Structures are given as C-alpha cells and as structure tokens.
Amino acid sequence: MNPSPGIPFAPASDAPIAYIERTRSWYLALGYGNPYVWAHYADAPFQPLKKPLSRSRLALITTAAPYQPDKGEQGPGAPYNAQAKFYKVYSGDTGADHDLRIAHVAIDRKHTSMEDSGTWFPLPALRRLAAAGSVQLASRFHGAPTSRSQEHTLYTDAPEILARCVEDGADAALLVPNCPVCHQSVSLIARHLEANGIATVVMGCAKDIVEHCGVPRFLFSDFPLGNSAGRPHDLESQEMTLELALALLETAAEPRTTLQSPLKWSESAEWKLDYCNAERLSAGELKRLRADFDRGKEKAREIREGSPPPRRVTPA
C-alpha cells in the first residue's frame with residue numbers, strides 16, 4: 001500500500017545506497033560472474049576509551065594515496081587511475097601538510113569534485129582540535145591499502161597498522177575510507193585494532209558495507225563516496241563531522257553503535273540513483289566501461305606484482 005499523499009514521508013530513493021547490492025548488479029551488468037562476497041561478522045570487538053578524549057592520543061588512518069606526479073592524472077575530476085594505487089601501508093608526519101588524493105578509488109565522480117581534500121583527509125581539522133586541547137594527535141598518520149583480498153587486509157595490513165599505532169602510543173584511531181572496498185578494509189582494520197586494545201571509530205558513507213562487516217563505532221554520513229569527512233568547501237560541515245565522530249568514540253557504550261550525521265548532501269536524492277546504476281547506461285557505455293575496467297585491472301596487476309612482497313604478520 002502506498003502512503004497517503006498527505007503524509008510527508010521522504011521519497012523511497014532517499015534511503016542510504018545499498019552498495020553491496022548496487023555493486024553486485026553493476027559488475028554482473030559489465031559481464032563479470034562470481035559476485036564478490038563481502039566480509040561479514042555476527043559480532044564486533046569493543047574497547048572502551050581508557051582516558052578522557054582530551055588525554056587520548058589519536059591515530060588517523062586513511063585510504064587516500066600520496067600524490068605521485070609521474071603517475072598520470074590524479075587531480076579534481078580525474079578518472080580512475082590504477083597507477084596511483086598503493087599496496088603497502090605507509091605513514092606520514094601529522095605535523096606536516098600532505099597532498100593525498102583519491103583518483104585510485106571507485107568514488108562518486110559525478111556528484112563530487114575531488115577538489116577539497118578536507119572531505120577525505122581530516123588532518124588539518126584534527127590539528128586544530130589538538131591545538132585547542134580537545135584531543136592529542138599521534139605523531140604519524142597511516143595509509144591503509146584498498147585490498148579486495150580480505151585475507152591480505154586481515155593478516156598483513158591490519159597487523160602492520162596495529163604495530164605502527166602501538167609504536168606511536170595511540171590510545172584510539174579514526175579511520176576514514178573512500179570507495180566501497182575501502183569501507184570494508186578499514187572495518188576489518190578497526191576490528192583488529194579494537195581486539196588489541198585500541199578504541200576506534202570509522203567515519204564513512206557506505207553504511208551497509210560497514211555494518212555488514214561489524215565495527216565498534218561508525219559515524220555515517222549520507223554523502224557520495226569520497227566525502228566521509230564532510231562536504232567539500234564547507235569547513236563547518238567538516239568540523240561538525242569530525243566532532244560527531246570523536247563524540248561517538250568517547251560515548252558509545254557497546255559495539256555496533258552507528259550514529260548518522262544530520263547533515264544532508266543536497267535537497268534532492270537524485271545523486272543516489274546514479275552510482276553504479278547500469279539501468280541508466282546504454283549497452284555501448286557498459287561495453288566501454290568494461291574495457292576501461294579491464295585495462296585498470298591489468299595495470300594494477302602489473303604494479304602489484306612488481307612490488308616487493310609485503311610483510312605478513314600473524315594477528316595476536
């Protein structure tokens with residue numbers, strides 16, 4: 001039964017995007033079989049914050065990649081660039097500025113511009129909070145590779161990030177993903193950190209993927225992918241998003257606690273109908289996108305196989 005015209009319900013299209021189902025349908029439409037099986041747990045570890053937030057040392061974990069000028073287009077509006085990917089955990093000085101970009105991930109390139117790194121890398125906002133005494137910032141941030149291999153994330157990347165957080169004396173971690181697989185990767189890493197004594201909060205846009213995996217704390221922003229840290233060119237939005245995430249880190253009483261940001265991307269929900277929606281494309285467009293995807297996969301394979309083998313660590 002349809003609701004009465006007099007009841008001011010939101011349109012059906014205004015629900016969060018079901019990325020698991022949307023991406024499954026998308027890759028089937030491109031001609032790929034064997035749909036990806038997303039990580040799923042029935043429970044989640046939970047580590048209460050051991051100190052007040054103002055006395056807690058916070059690590060920032062990102063899936064954004066350092067800009068590499070010799071690796072092709074990576075700026076605003078750039079297409080997917082497999083050359084810009086990274087395959088090993090990296091770290092950077094939180095006291096310095098960094099040029100991190102997201103041209104290597106499957107973000108929403110139609111409805112966001114990739115112009116403002118504050119929407120995916122909240123280090124400047126964290127430094128302002130640290131200067132105000134709201135939180136202590138760890139000396140390094142860490143880059144988490146976007147890996148479709150759950151085994152690689154669980155047994156290589158997550159233990160490596162844990163080791164670096166422990167070296168830095170981190171009490172807690174803020175994890176900021178971008179693409180669908182990024183959301184899975186940081187969820188698995190958050191679980192590993194939490195099981196080893198470090199409280200975490202994930203700040204993201206793919207609600208179903210994060211909740212399907214199961215994390216202790218999740219701040220959900222119903223924004224296009226690539227904007228986990230707030231709206232572009234909107235400092236108030238970015239600071240509010242960060243403050244909500246840190247408040248959740250401090251106050252959540254149990255695992256699988258999700259808080260939805262009250263901020264809206266726009267008055268229209270039309271942007272939610274475009275992402276990976278094969279029904280909105282012609283057969284010719286799908287064929288071209290399949291060819292582009294195959295080229296990207298081959299380039300990524302060449303880069304990955306040309307890299308030295310990563311260190312594998314057995315989880316505690």
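Just so it is clear, the model here is predicted, and its values are computed rather than measured.

### Let's talk about the overall build of the chain
The number of helices and strands found in the chain is seven helices and 10 strands. A buried classification covers 48% of the 316 residues belonging to the chain. Surface exposure of the chain reaches about 14600 Å², of which carbon and sulfur atoms provide 53%.

### Quick notes on the pairing of strand E10 (residues 257-260)
As judged from the four bridges shared by strand E9 (residues 217-220) and E10, these two strands associate in the parallel manner. Bridge assignment links Leu219 to a residue of E10, and that residue is Leu259. Assessed by its sense of winding, the connection that carries the chain from E9 through helix H6 (residues 235-251) to E10 is left-handed.

### Here we look at helix H3 (residues 150-167)
In an α-helix, one turn spans 3.6 residues, which is why side chains three or four residues apart end up on the same side. Compared with an ideal rise of 1.5 Å per residue, which puts 18 residues at 26 Å, H3 spans 25 Å between its outermost C-alpha atoms and is within 8% of the ideal. The principal kink in H3, of about 30°, is found at Asp157, preceding the proline Pro159 by one to four residues. All of the buried residues along H3 are Thr153, Thr156, Asp157, Ala158, Pro159, Glu160, Ile161, Leu162, Arg164 and Cys165. Among the structural elements, strand E1 (57-62), strand E3 (90-93), strand E6 (140-143) and helix H4 (180-195) are those in contact with the buried residues of H3. Once H3 finishes, Gly169 follows within two positions and takes phi at roughly 70°, a positive value.

### Considerations on the pairing of strand E8 (residues 199-204)
The element E8 is extensively covered by neighbouring structure, given that six of its six residues are classed as buried. Residues Ala199, Val201 and Met203 point to one face of E8 and Thr200, Val202 and Gly204 to the other, with burial holding for every one of them. Where strand E7 (residues 172-176) lies against E8, four bridges are found, and the strand directions are parallel. Its bridge partner being in E8, Ala172 is matched across the sheet by Ala199. Note that the unit made of E7, H4 and E8 has a crossover that is right-handed. Both E8 and E9 contribute to a ladder of three bridges, which runs parallel.

### Quick notes on the nonpolar core
Core analysis: the biggest nonpolar cluster contains 58 residues, and Leu58, Leu60, Leu126, Leu174, Leu246 and Leu249 have the highest contact counts within it. For this core, the secondary structure elements donating two or more residues are helix H1 (19-29), E1, helix H2 (123-131), E7, H4, E8 and H6. Looking at this core, the element that brings in the most residues is H6, giving five residues. Setting aside residues no more than four positions away along its own chain, Leu60 makes contact with Phe121, Pro122, Leu123, Leu126, Phe141, His142, Leu174 and Val176. Ala59, Val89, Leu162 and Ala170 belong to the second largest nonpolar core, which has 22 residues in total.

### Structural notes on the pattern of salt bridges
Pairing is possible between side chains that carry opposite charge, provided their charged atoms lie close to one another. Applying the stated rule across the entire model yields 14 salt bridges. For the salt bridge of Lys272 with Asp14, the shortest nitrogen-to-oxygen distance reads 3.2 Å. Of the two residues, Lys272 is situated in the loop between E10 and helix H7 (283-306) and Asp14 in the segment before H1; the sequence distance between them amounts to 258 residues. When the shortest N-O distance is used, the salt bridge between Arg191 and Asp43 registers 3.9 Å. Placement of the pair is Arg191 in helix H4 and Asp43 in the loop between H1 and E1, with a sequence separation of 148 residues.

Procedures and definitions
Residues numbered from 1 in each chain as written. Predicted model: local features only at pLDDT ≥ 70, side-chain atom pairs only at ≥ 80, totals over all residues. Heavy atoms only, no water. Helix = DSSP H or I, 4+ residues; strand = E, 2+ residues; numbered from the N terminus. Buried < 20%, exposed > 50% of the residue type's maximum accessible area, 1.4 Å probe, protein only. Areas by Shrake-Rupley, 256 points an atom, 1.4 Å probe, with all protein chains shown as cover. Pairing = 2+ DSSP bridges. Right-handed = clockwise from strand over helix to strand, strands pointing away. Expected span 1.5 Å × (residues − 1). Bend = angle between axes of the 7 residues up to and from the residue. Contact = heavy atoms within 4.5 Å. Core = buried A, V, L, I, M, F, W, Y, C linked by side-chain atoms within 4.5 Å. Salt bridge = Lys/Arg side-chain N within 4 Å of Asp/Glu carboxyl O.

What is shown is where atoms sit, not what they do.
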